[in-house]
Amino acid sequence: MVVSDHVHPFVYRAGFPQGLPAVDLVLAAGDLPGSYLEFLATTLPVPVVYVHGNHANEAVSEGEERVPPRGVIAAHGRVVTAAGLRIAGWGGVPRYRPDGPGQYTGAQARWGLGQLAWRARGGVDILLTHAPPSGPHAGSDYAHRGCEAIRRFMVRRRPRLVVHGHIHEYEGRKPDYTDPASGARVVNAYGYRVIELA
């Protein structure tokens, strides 16, 4: 199951996961409250792997402190193994204003994703990001543009699946596509979806 950007009422309810087909893994592609991530981890007996978005809402309150959500696997800048799959993670979005959280410059993306590609030199099955790669899923406005460094990572490490968030449906849902340079299937996780990894 993939989720991002929207606390979906089908998921966040007392009866969940009733009505959900069996899933092996949850991939959370950013901009989800930490309480929602913890809810997923406590209601589904599968790993929940996440990256942060650009709204800095993944932390949860514990008294006076804000702490990372519990029971989930943070993947930003790392390669993690869950449900028998190697997953590389990269959170945040290309910078679109000077003081926003969860944003990176082009140089930071090139450096960080270059380091991630080195960590993924044995190959990965999935690349989990918040921003989309440059290409068909990029938004039409500057804040939702794609990230070229993500696309370069795809070409170098050839994941079978790329899951991203950040692109809401106000422009209409963009269909999944296969990236011609890397062969990766690219999926927008907005809301929630259950997908199969071929």
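As a convention, each chain's residues are numbered from 1 in the sequence order in which they are written. The predicted nature of this model means local features are confined to residues of pLDDT at least 70 and side-chain atom pairs, given and counted, to a pLDDT of 80 or more, with totals for whole chains, interfaces and linings taken over all residues. Side-chain figures throughout are based on the complete set of non-hydrogen atoms in the structure, without hydrogens or water.

Colleague: Quick question: what am I supposed to make of the side chain of Glu 58 here?
Modeller: Along the chain, the position of Glu 58 falls in the loop between strand S3 (48–50) and strand S4 (60–62). Burial status follows relative accessibility: with a 1.4 Å probe on protein chains alone, a residue under 20% of its type maximum counts as buried, one over 50% as exposed, and anything between as partly exposed. Charge assignment: positive for Lys and Arg, negative for Asp and Glu; neither His nor the chain ends contribute. By salt bridge we mean one thing: a side-chain nitrogen of Lys or Arg within 4 Å of a carboxyl oxygen of Asp or Glu. Although Glu 58 is buried, it forms no salt bridge, and the closest oppositely charged side chain is Arg 66 at an N-O distance of 7.9 Å. Of the polar contacts made by the side chain of Glu 58, one reaches the backbone nitrogen of Gly 53; its length is 3.0 Å. Numbering goes from the N terminus for both helices and strands, where a helix is a DSSP run of H or I of at least four residues and a strand is a run of E of at least two. In the analysis that follows, any N or O atom pair within 3.5 Å is treated as a polar contact, provided that within protein one partner can donate a hydrogen and the other can accept it, and provided that, for residues neighboring in sequence, both atoms belong to side chains.

Colleague: Would you mind going over the sheet that holds strand S11 (residues 126–129) with me for this structure?
Modeller: Across a sheet, strands are paired by hydrogen bonds formed along the backbone, either parallel or antiparallel in direction. Strand order in the open sheet made by the six strands is S7-S8-S11-S12-S14-S13, with mixed pairing throughout. Lying at the two open borders of the sheet, with one neighbouring strand each, are strand S7 (79–82) and strand S13 (177–178). Strand pairing is assigned whenever DSSP detects at least two bridges linking the two strands. Where S11 meets strand S12 (residues 161–164), three bridges bridge the pair, whose relative direction is parallel. By the bridge assignment, Leu 128 is partnered in S12 with Val 163. Along the sheet face, helix H2 (residues 106–119) touches S7, strand S8 (85–90) and S11 and points at about 165° away from the line of S8. Residues are treated as being in contact if the distance between any of their heavy atoms lies within 4.5 Å. Convention adopted: a line fitted to C-alpha atoms gives each axis, helices being fitted over their contacting stretch, and angles between N-to-C directions are expressed from 0 to 180 degrees.

Colleague: Please explain the pairing of strand S14 (residues 185–188) as it appears in this structure.
Modeller: Successive residues of a regular strand alternate their side chains across the two faces of the sheet. Pairing analysis gives four bridges linking S12 to S14, with the strands arranged parallel. Opposite His 164, over in S14, you have Asn 188 as the bridge partner. Connecting S13 to the antiparallel partner S14 that follows it, the hairpin turn spans six residues, and Gly 183 within it adopts a positive phi of roughly 80°.

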